[in-house]
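Analysis of the macromolecular model
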Amino acid sequence: MTRPAAIAVQPDWLEILQAPFMRNAFLGGSLVALAAGLLGFFVVTRQNAFAAHALAHIGFPGATGALLLGLPVTLGLAVFCVGGGLLIGLSGARVADREITTGTVLAAATGLGVLFASLAGATAGATTSVLFGNLLAISSGQLRLFAVFTALVVLVLAWIARPLAFASVDPAVAEARGVPVRALGVGFVVLLALTITMAVQVVGTLLLFALVVTPAATALRLTARPGRVAAIAVTLALASVWLGLVLSAVLPLPPSAFVVGIAVLAWAVVLLVTGRGRRRRWRATPFVDAHHVPRATAT
Amino acid sequence: MTAPAADSLTTGAAAGRPPALVLDGVAVARAGHTVWSQGDLTVPSGSVVGVIGPNGAGKTTLFQVVLGLLPVAAGRVEVLGAPPRRGDRRIGYVPQNYTAALGDAVRCRDLVGLALTGARFGLRRMTREQHARVDAALRRVGAAELGDRRMSELSGGQQQRVAIAQAIVDDAELLLLDEPLANLDLRNQHEVVALLGELRRERDVTIMVVAHDLNPLLPVLTDALYLLDGHPHHDPIGEVVQEDLLTHLYGTPVRVVRTAQGDLFTRGALPARGTPSPTADRPERAS
């Protein structure tokens, strides 16, 4: 195999995999994959993909603001993601309303983020790691926080899974049957915000879809049995993170690219295999990230 | 005029059960704007009621009141002998445009099962008995073989059957169906109407059906609840299928045609203007 010299195989990749930062990366990545894989089903069925994406952006000023104030980045991310999530969750039940609010909040947040980054004199490197994630720089402190967040997401989700599924796939009947549809929506968006706080640090603001939406969308192409969807989505998310980390040890490239690449590859393969014979009714990713394309982001 | 066949059946009122719906001086408002008022009527238990009225008259709003989702602005409401209460398990509900809103992400079996268990928090598997009830409901509507399919894979008629299965799985005493015949072809309309008639006979359930076109429902309807000039009215169906009343109700000339199968109403000879009722396009119909 020929390859440009800059990305030649690292002969010591087995040793790299055993380094402490790799241990943290595996643990942190696995925690995120678990939470993201479980939430993905609801993000897809609730047509919340845009909100998920927006939350990641809303975290951006939180992260750069934390840099400005000298606070932990995770804290800044969490405050902004959860705050933004509450704002979106309370802003109205109709998807159309939600998208307008979400889009506006997203723009405001990104503007603030750029402002904070500039005020903080943040280096290109710090900004890049917010935008694209840096799994290899996860500290033990972050890891403990990830463990708490993931435990919270899994426990709360187990508690609300059934009514949340009802409210997600069938809101009108769920409401008539006494399900607290609005409250569940707000609760869900808070769980989503916590997961995104973590995921942003793994794959970054711009690549978040690959962990939160793609594995569940892939699973839903294969089956509609709720248990199996969850199992397949978590497996895919974990496999993407693990394989991505191994590849990033073998080749000196950032793990985010590999994690996203593997998740998208699995989705594309499943799409090809199951492509015929099923009409797609749910609109998972209608907006194709148009607002990023023209702008060259800090790289 | 001859009453439809369903009229001859004994209704629950005879058995001493409380009426399905009582409105006593009820007014309903949305965002401070009165939708309808002076609601004074009693729908006997066991009747099959066509809920009719022009667009925006408040038919869906009436259902929301019955479901306990919308408090009334004035008056007293009784549903199955008690004030309306959200989450009343005795009511089965099929919303408007229901099947179109349901996605790719759920099997029919799970959708029906959610009506039994979906309001409960905590991790609990469905019991064997609950699975059996889901199967029985699907079988009852003729959708036994559709349980493992996704809603998005079904035809409109099949989707409507599954929706009805979901509404009856918990042994509802009152079924609220909002435009269940919209987007169905004639054969499927006929089959859904026949199914409603059977459910009414077997279970002595009260059925309220919102419909733009009453014709396909006439074989099973016993009563009509019509929203006219901002007020709800309730009458036996025979008194509603009258040319002057229907003409007033739809705001367009309507003629009533008597056939051996029962009554039909059609649009009159005047040219169509504005937005007509669905009957406008189909002046003749073989029953």
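Our structure's up above, just so we're on the same page.
For the structure given in this document, a descriptive report is provided here. (Residues numbered from 1 in each chain as written. Chains lettered and ligands numbered in written order. Predicted model: local features only at pLDDT ≥ 70, side-chain atom pairs only at ≥ 80, totals over all residues. Heavy atoms only, no water.)

Observations regarding helix α3 (residues 108-117) of chain B
This is how the line gets drawn: Each residue gets one of three labels from its accessible area relative to the maximum for its type: buried under 20%, exposed over 50%, partly exposed in between, using a 1.4 Å probe on protein chains only. Helical segments are the DSSP runs of H or I of at least four residues, strand segments are the runs of E of at least two, and each set is numbered from the N terminus.
Among the ten residues of α3(B), nine are classified as buried, and the element is accordingly described as predominantly covered. For α3(B), the complete set of buried residues consists of Cys108(B), Asp110(B), Leu111(B), Val112(B), Gly113(B), Leu114(B), Ala115(B), Leu116(B) and Thr117(B).

Some thoughts on the interface of chain B and chain A
To keep things clear, this is the line we draw: For this analysis, residues touch if any pair of their heavy atoms sits within 4.5 Å. The buried area of a pairing is the accessible area, by a 1.4 Å probe, that goes missing from both parts when the two are put together, added over both. The term salt bridge refers to a side-chain nitrogen of Lys or Arg lying within 4 Å of a carboxyl oxygen of Asp or Glu. Whenever two N or O atoms come within 3.5 Å, that pair is a polar contact, provided that in protein one can donate a hydrogen and the other can accept it, and provided that, for residues adjacent in sequence, both atoms are side-chain atoms.
Listed as interface residues are 38 residues of chain B and, on the opposing side, 32 residues of chain A. Summed over both partners, the interface of chain B with chain A buries about 3000 Å², with 55% contributed by carbon and sulfur atoms. The three residues of chain B that bury the most area against chain A are Ala105(B), Phe121(B) and Arg150(B), which together make up 21% of that side's buried surface. Between the two partners, chain B and chain A, sit one salt bridge. Here Arg177(A) and Asp170(B) are joined by a salt bridge, their closest N and O atoms 2.8 Å apart. Along the contact surface separating chain B from chain A lie twelve residue pairs in polar contact (both at pLDDT 80 or more). Elements that contribute at least two residues to the side of chain B that touches chain A include exactly β5 (91-94), α2 (98-101), α3 and α5 (156-168) of chain B.

Structural notes on helix α12 (residues 226-250) of chain A
Definition in use: Helix span, as expected, comes to 1.5 Å for every residue beyond the first.
For α12(A), with 25 residues, the first-to-last C-alpha span of 36 Å sits near the 36 Å given by 1.5 Å per residue. Those residues of α12(A) that are buried are in contact with α1 (13-18), α2 (20-45), α10 (209-212), α11 (214-222) and α13 (255-274) of chain A.

A look at the sheet that holds strand β2 (residues 33-43) of chain B
Residues and elements named next belong to chain B. Short version of the rule: For two strands to pair, DSSP has to find at least two bridges joining them. Angles shown run from 0 to 180 degrees and are taken between the N-to-C directions of axes, each axis being a line fitted to C-alpha atoms and, for helices, limited to the stretch in contact.
Taken in spatial order, the three strands of this open sheet run β2-β1-β4, and their pairing is antiparallel. On the outer flanks of this sheet lie β2 and β4 (74-79), each paired with one strand and no other. In this sheet, neighbouring strand axes are inclined to one another by 30 degrees on average, regardless of whether the strands run parallel or antiparallel. With eight bridges joining them, strand β1 (residues 21-30) and β2 adopt antiparallel strand pairing. For Leu23, the partnering residue across the bridge sits in β2 and is Leu41. Packed on one face of the sheet, helix α1 (residues 59-66) meets β1, β2 and β4 and runs near 115 degrees to β1.

Topic: the nonpolar core
Which entries qualify depends on this criterion: Residues enter a nonpolar core if they are buried and are Ala, Val, Leu, Ile, Met, Phe, Trp, Tyr or Cys, with the set joined through side-chain atoms within 4.5 Å.
Counting residues in hydrophobic clusters, the biggest one holds 136 residues, and the most contacted among them are Leu192(A), Ile196(A), Leu211(A), Val162(B), Ile164(B) and Leu217(B). Here this core takes twelve residues from helix α9 (residues 181-203) of chain A, the largest share from any one element. Ignoring sequence-local partners within four residues, the contact set of Leu211(A) consists of Val32(A), Ala36(A), Gly37(A), Val202(A), Val203(A), Ala237(A), Val241(A) and Val259(A). Counting residues in hydrophobic clusters, the runner-up holds 30 residues, among them Val35(B), Val51(B), Val77(B) and Leu80(B).

Looking at the pattern of salt bridges
According to the stated counting rule, one finds 21 salt bridges over all chains in the structure shown. Arg161(B) is paired through a salt bridge with Glu191(B); the nearest N and O atoms lie 2.8 Å apart. Of the two residues, Arg161(B) sits in helix α5 while Glu191(B) sits in helix α6 (residues 186-203), which places them 30 residues apart along the sequence. It is possible to trace a salt-bridge network through shared partners that takes in Arg177(A), Arg89(B), Glu129(B), Arg133(B), Asp170(B), Asp171(B) and Arg203(B).

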